[in-house]
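A structural walkthrough
Here are the chains, one letter per residue:
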Amino acid sequence: MREMIKMVIVLTILSCFSGGVLAYLRNSTQDRIDNQVLEFVKGPAVRTLFEGAANNPIADRFTLKDGDVERTFFVAVYDGEPRGIAFETSGKGYGGDVGVMVGINVQDDKLLGVGVTTHGETPGMGAKAKTDPSFVSQFKGQSATEPMKVVADGGSINAISGATITSRAVSAATTDAGEIYRKLKSQIDDKLKGFKK
């Protein structure tokens with residue numbers, strides 16, 4: 001009985017020590033991880049959406065609360081005026097959630113475009129949503145306040161051949177972004193006042 005109690009105490013101490021070390025390592029590297037995600041996961045999509053911006057949209061960003069979710073908004077400045085914002089939403093794809101960066105022109109509420117950031121879709125099929133420029137270019141210029149749907153569902157977006165579910169996920173994420181944008185528009189406008197150059 002005594003041996004068992006000793007073993008439980010030793011295991012408890014080892015578990016607490018290991019947990020503490022792991023928590024410390026995670027906390028000490030969290031900023032670095034966040035910066036890597038910004039630079040290599042979200043950054044490429046943001047830079048593509050805001051090509052020709054006079055500022056660095058990755059550095060010029062702000063956060064807003066959307067219910068329980070804190071959203072990061074990236075800002076693009078053109079001709080001294082903050083004209084574009086981009087933020088990430090997601091839709092349910094074939095292989096899980098598809099992360100989509102959605103850019104919106106705040107002056108006319110039109111889409112500047114979309115870019116897939118993360119996905120678990122089938123290589124060569126659904127994965128084309130990230131690499132096929134003809135698919136994502138269909139969103140540019142569309143109204144951010146109107147729902148996006150693929151042609152099979154009565155919309156105007158041509159689905160990727162063999163990847164209708166992925167195409168629906170990108171469309172759903174874009175529609176979701178439009179709803180978030182409408183809901184937070186006044187707060188977004190207030191935040192953008194600080195970005196005039």
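Reference entry: report on the structure contained in this document.

Turning our attention to the overall build of the protein chain. Helix and strand counts for the protein chain stand at 4 helices and 5 strands. Reading the secondary structure of the protein chain in the N-to-C direction produces α-β-β-β-β-β-α-α-α. In terms of overall size, the protein chain is more extended than a compact globule, its C-alpha atoms giving a radius of gyration of 21 Å where 197 residues would be expected to give roughly 16 Å. By its C-alpha atoms, the protein chain is 75 × 45 × 30 Å across when sized along the principal axes. Considering the protein chain as a whole, with its 197 residues, one finds that 38% of them fall into the buried category. Taking all contacts inside the protein chain whose residues are at least 6 apart in sequence as the whole, residues at least 24 apart take part in 51%. Surface exposure of the protein chain reaches about 11,300 Å², of which carbon and sulfur atoms provide 54%. Of the side-chain charges in the protein chain, 24 are positive and 23 negative, and the distance between the mean point of each set is 3 Å.

Right, let's get into the pattern of salt bridges. The tally for this structure, following the rule as stated, stands at 8 salt bridges. Salt-bridge contacts for Glu88 lead to Lys42; the nearest nitrogen and oxygen are separated by 3.4 Å. One end of the pair, Glu88, is in strand 3 (residues 81–93); the other, Lys42, is in helix 1 (residues 2–49), and 46 residues separate them in sequence. Glu88 gets classed as partly exposed once you look at its relative accessible area, which sits at 22%. Take Lys42: its relative accessible area is 22%, and that puts it in the partly exposed class. Among the ionic pairs, Asp153 bridges to Arg168, the shortest N-O distance being 2.7 Å. Remark: Arg168 occurs in helix 4 (residues 164–192) and Asp153 occurs in the loop between helix 3 (133–136) and helix 4; sequence separation between them is 15 residues. With relative accessibility at 36%, the residue Asp153 sits in the partly exposed group.

So, on to the nonpolar core. Among the nonpolar cores identified, the biggest contains 34 residues, and Ile85, Val170 and Ile188 are the most heavily contacted of them. Looking at this core, the elements with two or more residues in it are strand 1 (61–66), strand 2 (69–78), strand 3, strand 4 (96–105), strand 5 (110–118), helix 3 and helix 4. The element best represented in this core is helix 4, accounting for 9 residues. Filtering out sequence-adjacent residues up to four positions away, Ile85 remains in contact with Phe50, Phe73, Phe74, Val102, Gly103, Ile104, Val106, Tyr181, Ile188 and Leu192.

Position of Gln138 among the secondary structure elements: in the loop between helix 3 and helix 4. For Gln138, the side chain forms a polar contact with the main-chain nitrogen of Asn158, separated by 2.6 Å.

Its place among the elements puts Thr117 in strand 5. Residue Thr117 is classed as buried on the basis of its relative accessible area, which comes to 3%. Setting aside residues no more than four positions away along its own chain, Thr117 makes contact with Val41, Lys42, Ala45, Glu88, Gly99, Val100, Met101 and Lys130.

Reading the values: rules and limits
- Residues numbered from 1 in each chain as written.
- Predicted model: local features only at pLDDT ≥ 70, side-chain atom pairs only at ≥ 80, totals over all residues.
- Heavy atoms only, no water.
- Helix = DSSP H or I, 4+ residues; strand = E, 2+ residues; numbered from the N terminus.
- Rg over C-alpha atoms; globule rule 2.2 N^0.38 Å.
- Buried < 20%, exposed > 50% of the residue type's maximum accessible area, 1.4 Å probe, protein only.
- Contact = heavy atoms within 4.5 Å.
- Areas by Shrake-Rupley, 256 points an atom, 1.4 Å probe, with all protein chains shown as cover.
- Lys, Arg positive; Asp, Glu negative; His and termini not counted.
- Charge placed at Lys NZ, Arg CZ, Asp CG, Glu CD.
- Salt bridge = Lys/Arg side-chain N within 4 Å of Asp/Glu carboxyl O.
- Core = buried A, V, L, I, M, F, W, Y, C linked by side-chain atoms within 4.5 Å.
- Polar contact = N/O pair within 3.5 Å; in protein donor to acceptor, adjacent residues only side chain to side chain.

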